[in-house]
Amino acid sequence: MAIWRNRKNIVISRGFIPEKSAFPLAQRTADSSSLALLGMTRMRSSGLRRSLCPALIFLLCSLAGGQTKNSCLDCHSALPDPLGVTQDQFSQDIHAQKGLTCASCHGGDPTSDDPDKAMSRKAGWKGKIDRKQIPELCGSCHSDPGFMRQYNPSLRTDQLSQYKTSVHGKRLAAGDTKVAVCTDCHSVHDLRAPSDPRSTVNPVNVATTCAHCHADAAYMSGYKIPTNQFAEYSKSVHHDALVVRGDLSAPTCTTCHGNHGAAPPGVDKVQNVCSNCHVFQAQMYEKSSHKKAFDAASLPGCVVCHGNHGISHPTDAKLGTGPDAVCMRCHAPGDACDRARAGLLSDLTRLDGAIQSADQVLAVAASSGMEVSEARLGQDQARDWLTKARVTIHSFRKELVDQDIQAGLKIAAKNQQAGKQAMAERNYRRIGLAIALIAIGLVLLGLRLYIKQIES
Amino acid sequence: MGFLHNLRDWLNDRIEWDDLIAPLREKTVPKHRLSYWYFLGGITLFLFIIQVLTGILLLLYYRPGENSAFESVQYIMTQVKFGWLIRSVHSWSANLMIFTAFAHMFSVLFLKAYRKPRELTWVSGVILLLLVMGFGFSGYLLPWNTLAFFATKVGTEITGQVPVIGRPMLIFLRGGEEVTGATLTRFFGFHVAVLPGIATMLIALHLLLVQRQGISVPPNVELAWKANPSAQRETKFFPNFLLRELMAWYVALGVLGALAAIFPWNLGTKADPFSPAPAGIKPEWYFLFMFQTLKLIPPKVWLIDGEVLGVVGFGLVALLWLLLPFFESSDPSRTKRWITGVGVFALAYIAGMSVYGHLAK
């Protein structure tokens, strides 16, 4: 059995050697070249000369030794939950794939077939990890940039320190073990990389993972926070974009609330969170009269009109007076703001109508076989201006919105004109065809008469 | 009329015009209840002439190239005066020409006009039909739109299935491993230079053979005329038949104009080699029966690859089709009925598979 211990008493071997620190940093069953590399990294800290000899012995032994036995799974693959971990399940785990074994977290001697020896305290066996210890255990590797670099140089190593600042982390430190720890979100024994669609922390699955606790009214009863977030989010435009349309840039819980540093955003932070994606809307809002009014009334910015978890697809009806209207929740009918609202809505409706009208003419022209692809492409520009106008609405300044509306109207009118010209051209062609067919008919008649004449 | 007489005299003095056209004056065309089938070859020729003329006009503006082909056709369709008409007539005429060429071939088959001594006329005609399909395949890519791009990709891939020479043929056709701008310029060359050159020579040969051998009479009419020589009817080629042919050409012109004006040929969207192929993509209708057959053949037939089997099978059928006259008897009373049966089966198969391919998802 290859064994090598460095100055820090960190075990890097194909087997397991107990150590004095609370958690072994790493045990690997990787190929010998990786081990040599890892050994060299550690050797720099412990002194090259002193480490060279054991490293060589280790390398030779590991080359001769082949795959080391992991006796843990012999029993645990046959045990029922919560002690059961199958070989198939564990082989999916990213840690297992990177060479870590059960002993890396749980300690013990996986090379021994004797359960008493394998799970002896003498061999460093820790048994089931206490929930309170889990963040520290994970952090023992994940907070070590030097160590993590060899697996994934781009992976952050501030998860533990972030976690400690979160509500989850603070409550755990205060002794509340119901709060989420690493394994609750990331799973355990079958932990996959977040990029894996089957991972519990893949963007598509994050909301479901959070909902395990946050949608469980009984579990959350002591915390006095709502448990309808997931139900609301599932109906939202963000959920639709992420899960239905597969747009991985669409937000899920952690996009707004953070992940390891999870903390409910304060009222004044909401627009900061939204503005991460909705940059222009935020810029417009910052300069608007509503910003000052909302701040003065301690209203939380964006969510006042748009809601939070259940954000629906925004329509121009928000500016109206119907059931989806939001302005009239605060403003009185007939006041200056109501008149401004009506003006803005009228602008948007006018441009939307102009675009639809041009679309219709162009569609008829295209279905008549007329080549109007350029004008139809131009319609996208008009639609862009409409989108921009809808963004500019957040400034609540009619003169700014008007600029976008006028630009869009100009393009829509040009495209509509192109459509009308195409239709006129179609009619011109048909008249030309009729004249040509009459001429052909006359020639045919003349030919027929001439043939009759020469054959009679 | 005085001017025409003077011109005729002027030509007679120099090139003996009357002697030159004397064979045409003497030439006759048999007249019977099936005579109207004789017009199909002439209509195909007329459509070919239309192709040449409109093709030359399109060449004034068309620019082959990945970044210019689509744009230039779009320019022709929208900016060039009557460009839409020329391009639509070119596209419709191409399709009508392939249709009339097929119809002409089957009419010749069913009227047994390929019998001795007209075997070479048949052979040149079948090769011309293949060339016409080659015109269709190469011309289809030239606007460089999405459908054309993927149809060419699939079409050249099928060519690549030919044993031994398939792969080199694929590379030759594409100008590399993939369908790129190199394929476009290559197809352009085939379409406007190579194929027209060969086709023109073959058409000249085909017409020469028709003139040399005269017009065939169907066996049953031939037998009836032999039994009753007084029933034999014929019409003068010039001007009687030619004027009737001219009427057929005018009708074809009217149909072409109507199709072009009412259903201008669609341009589609510009080809994007990085986008996925549109769902349910199909080749042009004249390749549909072959495409559908290849789709129906299982991936493996015994140990042979299904697609290879299909491609080789079509090659063998085309060869046998080409040699069909050599299995026929020249005696009108002993014509082979099985050949007519094969013709009926082929027509039903092509029509059935084309409809099936059109309706299939």
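Sequence order as written defines residue numbering, which begins from 1 separately in each chain. By the order in which they are written, chains take letters starting at A while ligands take numbers starting at 1. It should be noted that, the model being predicted, local features are given only for residues of pLDDT at least 70 and side-chain atom pairs only at 80 or more, the latter also being counted only at that level, while totals for whole chains, interfaces and linings use all residues.

J.: Would you mind showing me how to read the overall build of chain B here?
T.: Per the secondary structure count, chain B includes 14 helices and four strands. Counting over 361 residues, chain B shows a buried share of 30%. Sequence separation of 24 or more characterises 76% of the internal contacts of chain B that already satisfy a separation of 6 or more. A run of DSSP states H or I qualifies as a helix once it reaches four residues; a run of E qualifies as a strand once it reaches two. Both are numbered from the N-terminal end. Counting other C-beta atoms within 10 Å of a residue's own tells you its class, since 20 or more makes it buried, 12 or fewer makes it exposed, and anything in between is partly exposed; those C-beta atoms are placed from the backbone. Residues are defined as contacting one another if the C-beta atoms placed from their backbone atoms lie within 7 Å.

J.: What is the right way to look at the overall build of chain A in this model?
T.: The helix and strand tally for chain A stands at 24 helices and zero strands. Counting all 456 residues of chain A, 27% fall into the buried class. Here the analysis covers contacts within chain A between residues at least 6 apart in sequence; of these, 58% occur between residues at least 24 apart.

J.: What exactly am I supposed to notice about the confidence of the model for chain B here?
T.: Interpreting fine coordinate detail is not advised for predicted regions of low pLDDT. By definition, pLDDT measures how confident the predictor is in each residue, and it falls between 0 and 100. Considering every residue of chain B, the mean pLDDT works out to 93; 100% of them sit at 70 or more. Model confidence for the complex: the whole-complex pTM is 0.67, and ipTM, which rates the interface, is 0.85.

J.: Help me understand the interface of chain A and chain B in this model?
T.: How large an interface is tends to be reported as the accessible area lost when its parts come together. Across the contact, 20 residues belong to chain A and 20 residues belong to chain B. At the level of secondary structure, the elements contributing two or more residues to the side of chain A that touches chain B comprise α23 (373-392) and α24 (398-455) of chain A. A total of 15 residues in the side of chain A that touches chain B trace back to one element, the largest contributor, which is α24(A). Residues belonging to the side of chain A that touches chain B are distributed by class as follows: 11 nonpolar, three polar and six charged. Residues are grouped as follows: nonpolar covers Ala, Val, Leu, Ile, Met, Phe, Trp, Tyr, Cys and Pro; charged covers Asp, Glu, Lys and Arg; every other residue, Gly included, is treated as polar.

J.: I'm lost on helix α5 (residues 83-110) of chain B in this one. Help?
T.: Helical geometry: 3.6 residues make up each α-helical turn, so side chains three or four residues apart lie on a common side. All names here are of chain B. The length a helix should cover is 1.5 Å for every residue beyond the first. The end-to-end C-alpha distance of α5, which contains 28 residues, comes to 40 Å, matching closely the 40 Å that a straight helix rising 1.5 Å per residue would cover. Among the 28 residues of α5, 21 are classified as buried, and the element is accordingly described as predominantly covered. Where α5 terminates, the next one or two residues include Lys112, which has phi positive at roughly 55 degrees.

J.: It is not clear to me how the nonpolar core should be interpreted in this structure. Could you clarify?
T.: If you look at soluble globular proteins, the nonpolar side chains tend to sit buried side by side. With 65 residues, the main nonpolar core has Leu47(B), Val89(B), Met97(B), Leu141(B), Trp144(B), Ala148(B) and Leu256(B) as its most contacted residues. Looking at which element gives the most residues to this core, the answer is α5(B), with 13 residues. Excluding its chain neighbours within four sequence positions, the residues that come into contact with Met97(B) are Thr44(B), Leu47(B), Phe48(B), Gln51(B) and Val132(B). Judged by nonpolar contacts, the second largest core, of 25 residues, contains Leu344(A), Val372(A), Trp385(A) and Ala418(A). By our criterion, buried Ala, Val, Leu, Ile, Met, Phe, Trp, Tyr and Cys residues that link up through C-beta atoms within 7 Å make up a nonpolar core.

J.: Explain the packing of α5(B) against helix α14 (residues 337-359) of chain B here, please?
T.: Any two packed helices are characterised by the angle at which their axes cross and by the distance between the axes. All names here are of chain B. Each axis is a line fitted through C-alpha atoms, taken for helices only over the stretch in contact, and angles between the N-to-C directions span 0 to 180 degrees. Here α5 crosses α14 at 155 degrees, and the two axes come no closer than 9 Å. In terms of orientation, α5 lies roughly antiparallel with respect to α14. Judged by the twist between their axes, the crossing of α5 over α14 is left-handed. In this structure, α5 uses Phe106, Leu109 and Phe110 to contact α14, whose residues at the interface are Thr340, Gly343 and Leu347. For the contact of α5 with α14, a count of residues per class yields four nonpolar, two polar and no charged. Here the angle decides the label: under 35 degrees means roughly parallel, over 145 means roughly antiparallel, 65 to 115 means roughly perpendicular, and every other value means oblique. Should the near helix be turned anticlockwise from the far one by less than a right angle, the crossing is termed left-handed; should it be turned clockwise, right-handed.

J.: For this particular structure, what's the right way to read unusual backbone geometry?
T.: Outside of glycine, negative phi angles account for most residues, and trans bonds account for most peptide bonds. Backbone torsion omega between Asp81(A) and Pro82(A) reads 5 degrees, so that peptide bond is classified as cis. The topology assignment puts Pro82(A) in the loop between α3 (72-76) and α4 (87-91). In this chain, Phe238(B) is followed by Pro239(B) through a cis amide linkage whose omega measures 5 degrees. One can find Pro239(B) in helix α11 (residues 237-262). Of note, Phe396(A) is a non-glycine position whose phi angle comes to about 55 degrees, a positive value. Along the chain, the position of Phe396(A) falls in the loop between α23 and α24.

J.: How do you make sense of the environment of Leu259(B) when you look at a structure like this?
T.: Structurally, Leu259(B) can be placed in helix α11. The class of Leu259(B) is partly exposed, set by 19 C-beta atoms lying within 10 Å.

J.: For this particular structure, what's the right way to read the packing of helix α1 (residues 2-15) of chain B against helix α2 (residues 17-26) of chain B?
T.: Residues and elements named next belong to chain B. Look at α1 against α2: their axes get within 6 Å of each other, and the N-to-C directions meet at 95 degrees. With respect to each other, α1 and α2 are oriented roughly perpendicular. Listed contacts from α2 to Arg8, Leu11, Asn12 and Ile15 of α1 are Trp17, Asp18 and Leu20. Looking at the contact of α1 with α2 residue by residue, the classes come out as four nonpolar, one polar and two charged.

J.: I tried to follow the confidence of the model for chain A on my own but got confused; where do I start?
T.: Of all residues in chain A, 83% attain a pLDDT of 70 or more, and the chain-wide mean is 83. Note that pLDDT drops below 50 for residues 1-67 of chain A; the model gives that stretch 98 contacts with residues more than four away or on any other chain.

J.: What should I look at first to understand the environment of Phe238(B) in this one?
T.: Residue and element names in this part refer to chain B. Along the polypeptide, Phe238 turns up in helix α11. Residue Phe238 is classed as partly exposed on the basis of its 15 C-beta neighbours within 10 Å. For the pair Phe238 and Ile21, spaced 217 residues apart in the sequence, the C-alpha separation amounts to 9.5 Å.

J.: Hey, could you run me through the environment of Pro163(B) in this one?
T.: All names here are of chain B. Locating Pro163 in the fold gives a position in the loop between α7 (146-159) and α8 (166-174). Classification of Pro163 by C-beta neighbours within 10 Å gives exposed; the count is 12. In this structure the C-alpha to C-alpha distance between Pro163 and Leu309, which are 146 residues apart in sequence, comes to 9.4 Å. With residues up to four places along the chain from it excluded, the contact list for Pro163 reads Val308 and Val312.

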